[in-house]
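Listed below, chain by chain, are the residues.
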Amino acid sequence: MRPTRNTLPEDIRLQAIELLNRHLAAAIDLHAQVKQAHWNVRGPGFIAVHELFDRVSVEVETFSDRLAERAAGLGGTALGTVQIAAAQSFLVPYSPGIADESEHIFAIAGALAAFGQSAREAIDLAAAAGDAVTADLFTQIASGVDQQLWFVESHAVPVR
């Protein structure tokens with residue numbers, strides 16, 4: 001821990017930093033998964049889905065930046081290398097063989113949903129630990145993920 005004048009007790013900051021870094025790893029993985037889909041999508045709706053995934057990737061990258069900055073601001077180290085993300089992400093690995101747009105939409109929607117669920121759980125964990133600011137950050141991220149999930153799922157073929 002680096003010295004900081006942040007008035008949260010160190011034990012609370014340590015819990016928050018661990019929670020933030022867990023989600024930072026997953027956010028980096030999620031960003032890479034969305035870019036994988038962006039680069040490789042094929043199908044009749046190519047341009048719409050290709051551009052959608054690009055916009056989603058920008059939003060997800062913003063989530064990682066905010067998670068990392070909060071961890072650093074609490075006196076911790078943001079653990080954001082690709083190697084750490086690969087080792088610590090809780091997301092299901094992305095299949096590199098996907099090309100069909102509906103398969104990419106399904107896979108990205110699943111990854112967004114999993115990340116959003118974990119962010120919602122992190123709200124309660126941060127609040128219970130006594131860090132309302134980190135809980136608020138996770139609330140904002142969960143809201144943003146839900147919006148991105150809505151955009152992605154809106155491109156799925158309706159199931160009857």
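Residues numbered from 1 in each chain as written. Predicted model: local features only at pLDDT ≥ 70, side-chain atom pairs only at ≥ 80, totals over all residues. Heavy atoms only, no water.

Peer 1: Talk me through the pattern of salt bridges; I want residue IDs and the actual numbers.
Peer 2: Tallying each qualifying case throughout the model produces three salt bridges. Here Asp 146 and Arg 120 are joined by a salt bridge, their closest N and O atoms 2.9 Å apart. Of this pair, Asp 146 sits in helix H5 (residues 132–153) while Arg 120 sits in helix H4 (residues 101–129), placing them 26 residues apart in sequence. Under the relative-accessibility criterion, Asp 146 is labelled partly exposed at 36%. (Salt bridge = Lys/Arg side-chain N within 4 Å of Asp/Glu carboxyl O. Helix = DSSP H or I, 4+ residues; strand = E, 2+ residues; numbered from the N terminus. Buried < 20%, exposed > 50% of the residue type's maximum accessible area, 1.4 Å probe, protein only.)

Peer 1: Please provide a residue-by-residue account of the nonpolar core, values included.
Peer 2: The biggest cluster of nonpolar side chains holds 48 residues, and the ones touching the most others in it are Phe 53, Leu 67, Leu 112, Phe 115 and Val 152. Of all elements in the fold, only helix H1 (10–40), helix H2 (46–73), H4 and H5 reach the threshold of two or more residues within this core. When residues of this core are assigned to their parent elements, the largest contribution, 13 residues, is made by H1. Excluding residues that lie within four positions of it along the chain, Val 152 makes contacts with Leu 52, Phe 53, Val 56, Ile 105, Ile 108, Ala 109 and Leu 112. (Core = buried A, V, L, I, M, F, W, Y, C linked by side-chain atoms within 4.5 Å. Contact = heavy atoms within 4.5 Å.)

Peer 1: Please set out the packing of H4 against H5 residue by residue, giving values where relevant.
Peer 2: Any two packed helices are characterised by the angle at which their axes cross and by the distance between the axes. Put simply, H4 and H5 touch, their axes get as near as 8 Å, and they point 160 degrees apart. Classified by the angle their axes make, H4 and H5 are roughly antiparallel. Of the two elements, H4 crosses H5, and the hand of that crossing is left-handed. For the contact of H4 with H5, the residue count by class is 18 nonpolar, four polar and three charged. (Axes fitted to C-alpha atoms, helices over the stretch in contact; angles between N-to-C directions. Parallel < 35°, antiparallel > 145°, perpendicular 65-115°, else oblique. Left-handed = near helix turned anticlockwise from the far one by under 90°. Nonpolar A, V, L, I, M, F, W, Y, C, P; charged D, E, K, R; others polar.)

Peer 1: Just give me the short version of the packing of aromatic side chains, but keep the residues and values in it.
Peer 2: In this structure the tally under the stated criterion is two aromatic pairs. Consider the rings of Phe 90 and Phe 115, whose centres lie 6.4 Å apart with planes at 10 degrees: the pair is stacked. Placement of Phe 90 in the loop between helix H3 (82–88) and H4 and of Phe 115 in helix H4 is noted, with a sequence separation of 25 residues between them. We classify Phe 90 as partly exposed; its relative accessible area is 26%. Both rings, one in Trp 150 and one in Phe 151, keep their centres 5.1 Å apart while their planes meet at 35 degrees; by these two values the pair is tilted. (Phe/Tyr/Trp six-rings, centres within 6.5 Å; stacked < 30°, edge-to-face > 60°.)

Peer 1: Describe in detail H5, supporting the description with residues and values.
Peer 2: If you check H5, its first and last C-alpha atoms are 31 Å apart, about what 22 residues at 1.5 Å a residue would give, namely 32 Å. Of all the positions in H5, only Thr 134, Ala 135, Leu 137, Phe 138, Ile 141, Ala 142, Gly 144, Val 145, Gln 148, Leu 149 and Val 152 are classed as buried. Those residues of H5 that are buried lie in contact with H1, H2 and H4. With a side-chain oxygen positioned 3.3 Å from the backbone nitrogen of Val 133, the residue opening H5 is Asp 131. (Expected span 1.5 Å × (residues − 1). Polar contact = N/O pair within 3.5 Å; in protein donor to acceptor, adjacent residues only side chain to side chain.)

Peer 1: Tell me about the packing of H1 against H2, and please be specific about residues and values.
Peer 2: It is the contact of H1 with H2, at a shortest axis distance of 8 Å, that shows an interaxial angle of 160 degrees. Between H1 and H2, the angle is such that the two are roughly antiparallel. Two packed elements cross with a definite hand, and for H1 against H2 that hand is left-handed. Considering only residue class, the contact of H1 with H2 consists of 14 nonpolar, seven polar and four charged.

Peer 1: Tell me what's going on with the environment of Asp 124, and back it up with residues and numbers.
Peer 2: Position of Asp 124 among the secondary structure elements: in helix H4. Linking Asp 124 and Glu 18, residues 106 residues apart in sequence, is a C-alpha distance of 14 Å.

Peer 1: Give me the side chain of Ser 89: which residues, what numbers.
Peer 2: Considering the arrangement of structural elements, one finds Ser 89 in the loop between H3 and H4. By relative accessible area, Ser 89 is classed as buried at 17%. Within the structure, Ser 89 has its side chain in polar contact with the side chain of Asp 29 (distance 2.7 Å). Ignoring sequence-local partners within four residues, the contact set of Ser 89 consists of Ala 25, Ala 26 and Asp 29.

What is shown is where atoms sit, not what they do.
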